[in-house]
Amino acid sequence: MNCSLRIAGALFATAEFSFGQNVHSVANIFRPQATPADSVYNVSMLMLAICAAIFVVVGGLLTFTIVRFRRRKADDPREPAQVYGSNRIEIAWTVIPVLIVLVLGMATARAVVEVQDKRMPADALKVTVIGHQWWWEFRYPDLGIVTANELHVPLSTAAKPAVAALRLESADVAHSFWVPQLAGKTDVIPGITNNMWIDPRQAGVFLGNCAEYCGMQHANMLIRIIVEPPAEFERWAAEQKLDAAVDPHLAEARGMFLSLNCINCHTVSGTEAKGTFGPDLSHLMSRTTLGSGMIPNTQENLRAWIKDPQAIKRGNLMPNLQLNSRELDEVAKYLSSLK
Amino acid sequence: MPSRLHEWIVTVDHKRLGILYIATSLFFFAVAGVLAALMRLQLAFPNATFVPPEVFNRLMTMHGTTMVFLVGMPFFAGLANYLTPLMIGSRDMAFPRLNAFGYWIFLFGGMLLYFSYVAGEGLAGHGTAPDVGWFAYAPLTERAFSRGASTDYWILSIILTGIGTTASAINVIATIVSMRCKGMTLARMPLFVWLMLVVSSMVLFALPPLTAGQVMLLLDRYLGAHFFDTQAGGSAVLWQHFFWVFGHPEVYILMLPGFACASEIIPVFSRKPMFGRPAMIGATIGIGMLSSGVWAHHMFSVGMTASSNIYFAVASMAVGIPTGIKIFNWLGTMYGGKIRFDTPMLFCIGFLFQFLIAGLTGIMLAVAPFDWQVTDSYFVVAHFHYVLLGGLLFTLFGGLYYWFPKATGKMLSETLGKWHFWLLVIGFHLTFDTLHFAGILGMPRRIYTYAPGRGWETLNLIASIGVIFQAAGVACLVWNIIRSLRKGKPAGSDPWDAWTLEWATASPPPEYNFAVLPEVRSSRPLWDLKHPEDPDWRYE
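Cut-offs and rules
Residues numbered from 1 in each chain as written. Chains lettered and ligands numbered in written order. Predicted model: local features only at pLDDT ≥ 70, side-chain atom pairs only at ≥ 80, totals over all residues. Helix = DSSP H or I, 4+ residues; strand = E, 2+ residues; numbered from the N terminus. Rg over C-alpha atoms; globule rule 2.2 N^0.38 Å. Buried ≥ 20, exposed ≤ 12 C-beta atoms within 10 Å, placed from the backbone. Contact = placed C-beta atoms within 7 Å. Pairing = 2+ DSSP bridges. Axes fitted to C-alpha atoms, helices over the stretch in contact; angles between N-to-C directions. Parallel < 35°, antiparallel > 145°, perpendicular 65-115°, else oblique. Left-handed = near helix turned anticlockwise from the far one by under 90°. Nonpolar A, V, L, I, M, F, W, Y, C, P; charged D, E, K, R; others polar. pLDDT = per-residue confidence, 0-100.

In terms of regular secondary structure, chain A is built from nine helices and 13 strands. The C-alpha atoms of chain A give a radius of gyration of 27 Å, which is well past the 20 Å a tight globule of 339 residues would have. Across its three principal axes, chain A shows a C-alpha extent of roughly 95 × 55 × 40 Å. Buried positions account for 45% of the 339 residues belonging to chain A. Long-range pairs, those at least 24 residues apart, make up 68% of the contacts in chain A between residues at least 6 apart in sequence.

Dropping the structure here:
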């Protein structure tokens, strides 16, 4: 096995790394924490009940038939009675399934409409989600915020409902946005705009994945949705709106960063780094992970990533820039200051 | 020896071509099984580095493409070729040379797909096999994202195997329509032949959209067309429609030959005629028609309108009605019988239970909101493996044990057959029962690795352990076939005391099938022969 993969293995942490946040690491679709996931859950329960009943009846009949009508040694050798069919029975086992389909069809229609045709409240938080090979860009058009891979949304409570309306777009190929505890997945397809919404009622970090195969690193196109009480969300939003921090002690590091190829793909607000191909780095240190949720955002991991992103996330579109160790130190130092 | 090889290469005998199809299908089945085992090895543990990402993506693409186009389709063609003329009392297919052409072009398509391993170039840049997934969603397949030739190998091999399948389908239809023996009315035709007729008709409707889609993709890639090229205004969703207009009927095209085997085996081993024959024929035609109007249930999450989603949801559930009727009629056939548990029947019983579950998870997936959660997750992977492995493969194995004595003149060992069955049952359930739950816990399909802590580790480990049992089961089959070919018990012309015409001739049948073409008076001609006191035709 080649060496770069072993390094990647060593850098992996578990999905639970959290920096003090409450991470809902097991994304069970039967533990919904937002209204769209609830709608799915409710119709799923009816569906499971119907399917379980069918399974018990038909499975039971099958078992009974196999046991009761097995050939026994004591049987007389003649063939059993030759029965060719019965129209009455055929009609019975056609009509009953038709009725089941009608019931389940209506319940399905209601749930579809509940989720898909929901009118967005005027104060819904608008977020544009843009899928890239293999990371997520989140833009808040009304707040003027651009961030990546970790989507912050306010907690919705009975007293103060908060809906986040997501507009899904793709910069390259088809992806799919799936955070199971909050909503079913919606595909993120280039050339069309899809919509979905969430109103999470539980604070913490919800995990999800890209669910449409999108190339080499489809597996590591992870999603983290950070649900926080409105006050905390406001504080986060206020910080994100500011231009990137300028630390006078780091003038040299900053100059180094801005002189390198980094700026062709990355943006750091308030500087000449205005690239849009890769994630916005203006507030990199406010994020808990690197590589689209792949590894924790620590000093060592950040340096390792800049040194050779291919060793960590093979095939990702950030090349190894072949920086020398001084350049590495300075760039890492500068990025670490982007709170 | 060379002359025997020559005989097989130039043969236009439907039986030899049928055996070639099935042997090729079993060969590709073994290859695809190895690919699957490698994927399960990689996924057994979190953060595993046994298989690099680009290799994994090739494995999953090749596994899917192989199983559908190089295993499922040729098995259908093989069964149809071998058995249709025998069952309808004919000396060969209507177009023997077309038959040979179909096989060789199919084989060439399959070889072309695997040749890509030494010749192609994929997403990752270096030369090797296709890596865009078996349904190859646009625009990942456009040249901007898939440089090199690997995707072209995928396109061309599918077009070629499609030509072969179309040739088979035309041939089967022509044979059934024009070559039936005296007295073999459509109403008296064995259910197996009826199903082959329906499948072949479905092939003729379902394959053209796939071929058209592939040609459009080639135009995009090489002649600057923009059908699916979103950067130039093409539509990514258009590809999905083209693919699934083929893809959903395809699922039933794969599945109906399995139903066909079950519909012959279950009556014989229950010692009763098929219960509700007309209902079974009607249900088959119903499935054929309904299944061509439900394709977008593969696309509930692409952002269709609520009304489209509801239509496709209800239409998909409706397919469950004729499918249910089939299960009920098999059950009705067994009810009141004297069931013999020989290996072919064991596989059919396994199929009935597993297909019941597969059908129920299918109904679940038709509930569009539930589908939003579990589509593209391991739940779907588990569902369609329940259909295609637990359902189709079990019945095909049943068919293999049932007709092997006819084709070779040798019985397979019942002991090894039972080992094969039970090991496969255990392995199948270890692997695929657990994967449903991985999907429910949010595990997407087609990921080459995953981090620990998300509740997926144990499920994936169990699923991978299941592979060992499945492989052991298949090893029993291989050994059984080799052993039986060398020193199997002679089968005689009618080892199962069955009722259809293929059992009226020697095993293996002579080149001309029947010395004197038979004449039939009912759907169970051999029953009539064996029970002159109570023949079927008295009740027609």
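Read on for the rest.
This part takes up the sheet that holds strand β9 (residues 194-198) of chain A. Residues and elements named next belong to chain A. If you trace the five strands from one edge of the open sheet to the other, you get β4-β3-β2-β6-β9, paired in mixed fashion. In the strand order of this sheet, the two ends are held by β4 (145-148) and β9, each with one partner. Strand-to-strand twist across the sheet, computed as the mean angle between neighbouring axes with direction ignored, equals 25 degrees. Relative to β4, strand β3 (residues 135-140) runs antiparallel, the two sharing four bridges. In the strand pairing of β4, R139 is matched with V146.

Bringing the environment of L217 of chain B into the picture now. Residue and element names in this part refer to chain B. The residue L217 is located in helix α6 (residues 191-223) in this model. A C-alpha to C-alpha distance of 37 Å links L217 and G282, two positions 65 residues apart in sequence. When sequence neighbours within four positions are dropped, the list of residues in contact with L217 reads T141, I155 and F228.

All names here are of chain A. Residue alternation in strand β6 (residues 164-170) divides its side chains into a buried set, A164, L166, L168 and S170, and an unburied set, A165, R167 and E169. Relative to β6, strand β2 (residues 125-132) runs parallel, the two sharing seven bridges. Looking at β6, one finds that T128 is bridged to R167. Strand direction decides the pairing type here: β6 and β9, joined by five bridges, are antiparallel. By the bridge assignment for β9, R167 is matched with N195.

All names here are of chain B. Close contact between helix α3 (residues 53-87) and helix α5 (residues 150-178) brings their axes to 10 Å; oriented N to C, the two are set at 20 degrees. Classified by the angle between their axes, α3 and α5 sit roughly parallel to one another. Between α3 and α5 lies a crossing whose hand is left-handed. Here T65, F69, L70, M73, A77, A80, N81, T84 and P85 of α3 lie close against α5, whose contacting residues are W154, I158, T161, T165, S168, V172, T175 and I176. Across the contact of α3 with α5, the residue classes break down as ten nonpolar, seven polar and no charged.

The next point concerns the environment of I468 of chain B. Residue and element names in this part refer to chain B. Considering the arrangement of structural elements, one finds I468 in helix α14 (residues 457-487). For I468, a count of 16 C-beta atoms within 10 Å puts it in the partly exposed group. The spacing of I468 and F428 is 40 residues in sequence and 10.0 Å in space, taken between C-alpha atoms.

With that out of the way, let us pick up the confidence of the model for chain A. When pLDDT is averaged across chain A, the result is 92; 94% of the residues are at 70 or more. Predicted confidence is poor over residues 1-13 of chain A, with pLDDT under 50, and the contacts of this stretch with residues over four places away or in other chains come to 22 contacts.

What follows deals with the interface of chain B and chain A. Each partner contributes to the interface: chain B provides 81 residues, whereas chain A provides 85 residues. Elements with a contribution of two residues or more to the side of chain B that touches chain A: α3, α7 (236-270), α8 (277-290), α9 (306-334), α10 (343-366) and α11 (368-374) of chain B. The greatest single-element share of the side of chain B that touches chain A, amounting to 16 residues, is contributed by α9 of chain B. Partitioning the side of chain B that touches chain A into residue classes produces 50 nonpolar, 22 polar and nine charged.

With that settled, the discussion passes to unusual backbone geometry. Most of the time, phi is negative for any residue but glycine, and the peptide bond is trans. The omega torsion of the bond from Q133 of chain A to W134 of chain A falls at -5 degrees, within 30 degrees of zero and hence cis. Inspection of the secondary structure assignment puts W134 of chain A in the loop between β2 and β3. One non-glycine residue, S292 of chain A, lies in positive phi territory at about 60 degrees. By the element assignment, S292 of chain A lies in the loop between β12 (289-290) and β13 (295-296). Its identity is not glycine, yet R446 of chain B carries a phi of approximately 65 degrees, on the positive side. Relative to the helices and strands, R446 of chain B is located in the loop between α13 (414-440) and α14.

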